[in-house]
Amino acid sequence: MTRVLQIVLIALLVLPSFAQSSDSKFEKELSQAKDAFNSNRYEDAMKRFKKAEKLRAGPCRECLLGMLRSHMQMGDLKNALREADDALAISSDGKQQAEVQLYRGSIFSRMPTGNRTLTDAETAFRAAMTANADCSECKFDLGLILLRESKDQEGVQVLKAVLPEYKGSLQEAEIKRFIADPSRARKKFAPEFSIRTSSGQEITIDSLNGKVVLLDFWGTWCPPCRDSVPVLKELATKNDLSKVMIISVDEGDSSEKWAEFVQKNGMTWPQVYDEDHSLMKAFAVQSFPHYFLLSKDGIILQTFSGWSHGELFTLKKAIDSALK
């Protein structure tokens with residue numbers, strides 16, 4: 001056997017092993033990136049998705065989607081859009097293309113006025129519908145963005161057409177509200193939700209009608225969130241519960257850790273464990289702690305992010321103003 005042939009045979013044996021090792025590292029990094037994202041550690045998730053992309057031998061659409069979702073959660077819409085465009089370029093079928101166009105439309109719709117217009121969002125949602133005619137979310141988002149552009153007649157037609165596809169869901173009630181009053185889309189109404197507190201109480205947007213609501217998104221893993229507990233306790237005890245409701249929504253904890261912390265710290269106001277993060281996603285929460293102040297008719301009046309020692313005065317003043 002010649003020296004050259006020996007080298008070739010050795011290479012053939014080593015290359016498959018090297019490929020398997022690379023694939024294993026990629027899968028491990030991708031899994032850790034997903035875990036970080038699901039635990040709301042978005043900066044860590046971003047780094048790991050990028051590392052997984054480098055380990056992948058070829059384009060990694062899943063890595064790009066992970067990066068864009070992380071950037072959206074961090075409020076970095078410019079980079080999220082760049083990654084969405086890159087993901088769109090390697091999306092091979094209609095469903096994949098529609099998924100990315102939905103992200104693009106959402107990104108455009110969140111950008112400040114003057115940067116990108118709602119027309120860009122409309123174009124993206126129309127492209128999503130073209131790519132996947134069976135996509136209910138594509139139709140809903142298009143109808144909503146048309147209403148936001150004051151294209152009420154066309155928007156209502158789109159929403160009426162998609163309404164049967166949402167029968168029995170929370171979105172069905174929301175769509176009916178938009179059809180009855182298209183101007184709602186141009187106001188910051190809170191999204192439809194149905195939640196159950198730790199005491200078993202069911203809370204919906206309708207059940208909160210007539211009350212000022214402070215929604216508190218938090219987690220025991222978040223030091224500023226823990227620091228806020230005494231202030232929230234004071235607000236909960238000093239406000240008229242028939243007029244004001246404070247609801248704390250836990251994100252990122254185990255149910256056991258959440259329940260133990262709530263009991264230990266005497267958090268007697270309504271407590272919600274958002275196990276699947278559906279409420280967090282509905283309100284597009286990007287940081288913790290995060291607060292939403294809702295008016296008596298469900299409009300988002302103010303949002304507050306982070307925590308400081310002067311927050312008690314800020315929140316109290318905002319609640320008092322909403323009650324007038």
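If you're wondering where the values come from, they're calculated on a predicted model, not measured in any experiment. (Residues numbered from 1 in each chain as written. Predicted model: local features only at pLDDT ≥ 70, side-chain atom pairs only at ≥ 80, totals over all residues. Heavy atoms only, no water.)

1. Looking at the overall build of the chain
Helix and strand counts for the chain come out as 13 helices and seven strands. Taken over the C-alpha atoms alone, the chain extends approximately 90 × 55 × 40 Å along its principal axes. Long-range contacts, defined as pairs at least 24 residues apart, comprise 58% of the intrachain contacts of the chain with a sequence gap of at least 6. Of the roughly 17300 Å² of accessible surface on the chain, 52% is carried by carbon and sulfur atoms. (Helix = DSSP H or I, 4+ residues; strand = E, 2+ residues; numbered from the N terminus. Contact = heavy atoms within 4.5 Å. Areas by Shrake-Rupley, 256 points an atom, 1.4 Å probe, with all protein chains shown as cover.)

2. Thoughts on the pairing of strand E6 (residues 290-294)
Looking down a regular strand, the side chains alternate between one sheet face and the other. A large share of E6 lies buried, amounting to five of its five residues. Neither face of E6 is left uncovered, since the one carrying His-290, Phe-292 and Leu-294 and the one carrying Tyr-291 and Leu-293 both have all their residues buried. Of the pairings in the sheet, the one linking strand E3 (residues 212-218) to E6 comprises five bridges and is antiparallel in character. Paired with Leu-214 across the strands is Leu-293, a residue of E6. Relative to strand E7 (residues 300-305), E6 is paired through five bridges, and the arrangement is antiparallel. (Buried < 20%, exposed > 50% of the residue type's maximum accessible area, 1.4 Å probe, protein only. Pairing = 2+ DSSP bridges.)

3. A closer look at the environment of Arg-177
For Arg-177, the location among the structural elements is in helix H9 (residues 170-180). Excluding anything up to four places from it in sequence, Arg-177 contacts Arg-184, Glu-192, Ile-205 and Asp-206.

4. What about the state of the cysteines?
Summed over all chains, the structure comprises three disulfides. Note on cysteine connectivity: Cys-135 is disulfide-linked to Cys-138, with sulfurs 2.2 Å apart. Across the disulfide from Cys-135 to Cys-138, rotation about the S-S bond amounts to roughly 85°, and the bridge is consequently right-handed. Overall, the relative accessible area of 0% leaves Cys-138 in the buried class. Disulfide partner of Cys-222: Cys-225, at an S-S distance of 2.4 Å. Across the S-S bond linking Cys-222 and Cys-225, the dihedral sits near 80°, which makes this disulfide right-handed. Each member of the pair, Cys-222 as well as Cys-225, is classed as buried. For the chain, the disulfide bridges join cysteines in the arrangement 1-2, 3-4, 5-6, where the cysteines are counted in sequence order. (Disulfide = S-S within 2.5 Å.)

5. Observations regarding the nonpolar core
Within the largest apolar cluster, 84 residues are counted, with the highest numbers of intra-cluster contacts made by Leu-215, Phe-217, Ile-247 and Phe-283. Leaving out residues up to four positions away in the same chain, Ile-247 has contacts with Ile-195, Ile-203, Leu-208, Val-213, Leu-214, Leu-215, Asp-216, Pro-270 and Val-272. Listed in part, the 10 residues of the second largest apolar core include Phe-140, Val-162, Ile-175 and Ala-185. (Core = buried A, V, L, I, M, F, W, Y, C linked by side-chain atoms within 4.5 Å.)

6. Topic: the packing of aromatic side chains
Here the structure, examined in full by the defined rule, presents 10 aromatic pairs. Residues Phe-283 and Phe-292 carry aromatic rings whose centres are separated by 5.0 Å and whose planes lie at 55° to one another, so their mutual orientation is tilted. Residues Phe-283 and Phe-292 agree in their burial class; the two are buried. Between Tyr-291 and Trp-307 the ring centres are 6.1 Å apart and the planes differ by 50°, which places this aromatic pair in the tilted class. You can see Tyr-291 sitting in strand E6 and its partner Trp-307 sitting in the loop between E7 and helix H13 (311-323), a full 16 residues away along the chain. The structure contains a cluster of three or more aromatic residues connected by ring pairs, namely Phe-193, Phe-217, Phe-283 and Phe-292. One residue, Arg-184, lies across the ring of Phe-189, its end atom 3.7 Å from the ring centre. (Phe/Tyr/Trp six-rings, centres within 6.5 Å; stacked < 30°, edge-to-face > 60°. Lys NZ or Arg CZ within 6 Å of the ring centre and 35° of its normal.)

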